[in-house]
Every structure is written in structure tokens, then in C-alpha cells.
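Here is what each chain is made of, one letter per residue.
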Amino acid sequence: MTIIRPKKSLGQHFLKDLTIAQRIAETLSAYCGLPVLEVGAGMGVLTRFLIAGNHNLSVVEIDKKASAYLRQNFPSLEGRIYTKDFLQMNLSEIYDAKFCVIGNYPYYISSQIFFKALEFRDQVVCCSGMIQKEVAERLAAKSGSGKTFGILSALIQPWFDVEYLFTVNENVFDPPPKVKSAVVRLTRNGRNDLGCDEAMYKKVVKTAFNQRRKTLRNSLKPLFGKDFRDCHLPVFDKRPEQISINQFIDLTLMAEKRTEERRNEGLTKETKFIIRNP
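Predicted model only: the values in this text are computed from it and were never measured.

Criteria and thresholds
- Residues numbered from 1 in each chain as written.
- Predicted model: local features only at pLDDT ≥ 70, side-chain atom pairs only at ≥ 80, totals over all residues.
- Heavy atoms only, no water.
- Salt bridge = Lys/Arg side-chain N within 4 Å of Asp/Glu carboxyl O.
- Helix = DSSP H or I, 4+ residues; strand = E, 2+ residues; numbered from the N terminus.
- Buried < 20%, exposed > 50% of the residue type's maximum accessible area, 1.4 Å probe, protein only.
- Arc of directions from axis to C-beta.
- Contact = heavy atoms within 4.5 Å.
- Polar contact = N/O pair within 3.5 Å; in protein donor to acceptor, adjacent residues only side chain to side chain.

Caption draft 1: Quick peek at the pattern of salt bridges. Scanning the entire structure with this criterion turns up eight salt bridges. Between Glu241 and Arg212 there is a salt bridge, and its shortest N-O distance comes to 3.7 Å. Residue Glu241 is located in the loop between α9 (221-224) and α10 (245-276), and its partner Arg212 is located in the loop between α7 (198-209) and α8 (216-219); the two are separated by 29 residues in the primary sequence. Here Glu241 falls in the buried class, since its relative accessible area comes to 15%.

Here is the structure:
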């Protein structure tokens, strides 16, 4: 029998508690009719329950030895085991319709996995799995909840409803991680458009949280400049974790408008310079 040992370089912590694995699989019980992609299948502890749940399952496992183990022990997955880096995959080449993502995710790339789901949000209807407890708390945090609400919360929550489902202790893994874990579920909401430029929204969020101890009036100066017209509004007295997603959208619309004004101001100055110096 092939023995697969967890690799530290891949952030592997193999789940050994079958009850926890079953509970994770059950987070997708409402989506049995949809294809499911398991990320980081390892030795198939979660995989077996997904197959038993009659999911149309495919798996991604970057470790070649683990992939070989899965092929040997789960023949029903023939042709649906991808020995690839999930973060580098074009998921539209696998699925041309809606699907779900699940896994016992490597902690060091868990945030990137959720951003990958965000990239394919028109197809990913649900993304659930186990991650580091601290990251789970940030994902699910609401505005006004303190320092846990941050960039991850503000970028994911406009598109997905986030549920913190349950906490998992360290002793259910081999080897045990140094932190507690948690299972979360992200469910695609009905939003199809932010009502503002998405790139500018990301810029506003990241600029605000990069100096999260400052009020928005100060942290957003790189985008708004000094003494801009709306700087007296109460929202600018707050710190980023104190405002809602909709308020971030409102700030983005202001930033778009201010960017256009500054561009026009620059063009006006340039025109005056040319007139003075023909």
C-alpha cells in the first residue's frame, strides 16, 4: 500500500477525522445536481464522502504521488483527476456552466483560492471548505466588527454570502497545524454588478485598509487629494472597518468622479502652459 506523507512545502495537513470530513462534504448537500471540484484532495478523506454523496466530482491535486494514489484508489474518478496548480488553472476549460468548489485547503494559499473563486464568480455558485480559523473569521466578518473586517471581507462579500460554519481543533490532522481551523461556506448572491468600476473599487478598498488606523479622510488622500470637495462628509471621519460594502461603493463612485476632475484639471494646466509657451 502506498503511503503518502504530508509535504511541508505544499502546506499539507491531512485530515484524519472522518466525521469532520463528512460534515465538510455535507456543506454541498444542496448542490447535488451540480459538478463539484475538490481542491487539494490528498489521500481522499473528503473525496470518499463527496463520491458517496453522488456528486459529479473532479479533483485537483498538485502532488504527483497523491494524484497517483487517488487514481489507484478511486477508479470512478478516471479522467477527472488534475495534477495541476489550482491557482494557474482556467476553470472555464473544465466547466462551461455552474459548479461548486470544495476542499481542505492549504492554509498558505487559502485566500488566493477564494480570490480564484471570485474570478470565476459567474460559474461558482458555492465554495466551501476548511481553512485557518483566523482567515475564516476575516472572510465572515461584518463591518463594525473590529480588526477582523478587512480587504478579504470587503472584496469577497459583495459577491458571496459568507457563513462561518464550525471550528475544528488541531488534533484531527496529520501533522497537527499550529493553529485552529474552521469550515466556511461562500454562496453566490444575486449581485451581478457593483454599480461602479470594479478595478477602482479594489483600489479604494486596498488603499483604505493599507492604512487602516487612519480615518478615510487621511488614508484615501492618494485617490482624492487634499481638501477635496466632499471631505466634510461624515463617512470620511470613519476608519475602513467601520463602513459597509455599500459605503465602499459610494466612495468608489466619488473616487471615479474625483479622478476625472483631477484629469481635467491636469489637462487645463497643460493647455495654459502651451498657450504661455507656444
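There's more to say after this.
Caption draft 2: Main features of unusual backbone geometry. Despite not being glycine, Asn54 has its phi angle at roughly 60°, a positive value. Structurally, Asn54 can be placed in the loop between α2 (47-52) and β3 (56-60).

Caption draft 3: Broad picture of helix α3 (residues 64-73). Regarding α3, the residues found buried are Ala66, Ser67, Tyr69 and Leu70. The buried side chains of α3 occupy one side of the element, clustering within an arc of 160° when seen end-on. Within α3, the exposed residues directed more than 90 degrees away from the buried face are Lys64, Lys65 and Gln72. Buried-residue contacts for α3 involve α2, β3 and β4 (81-82). Where α3 begins, the side chain of Asp63 points an oxygen toward the backbone nitrogen of Lys65, at a separation of 2.9 Å.

Any functional reading would require information that these geometric values do not contain.
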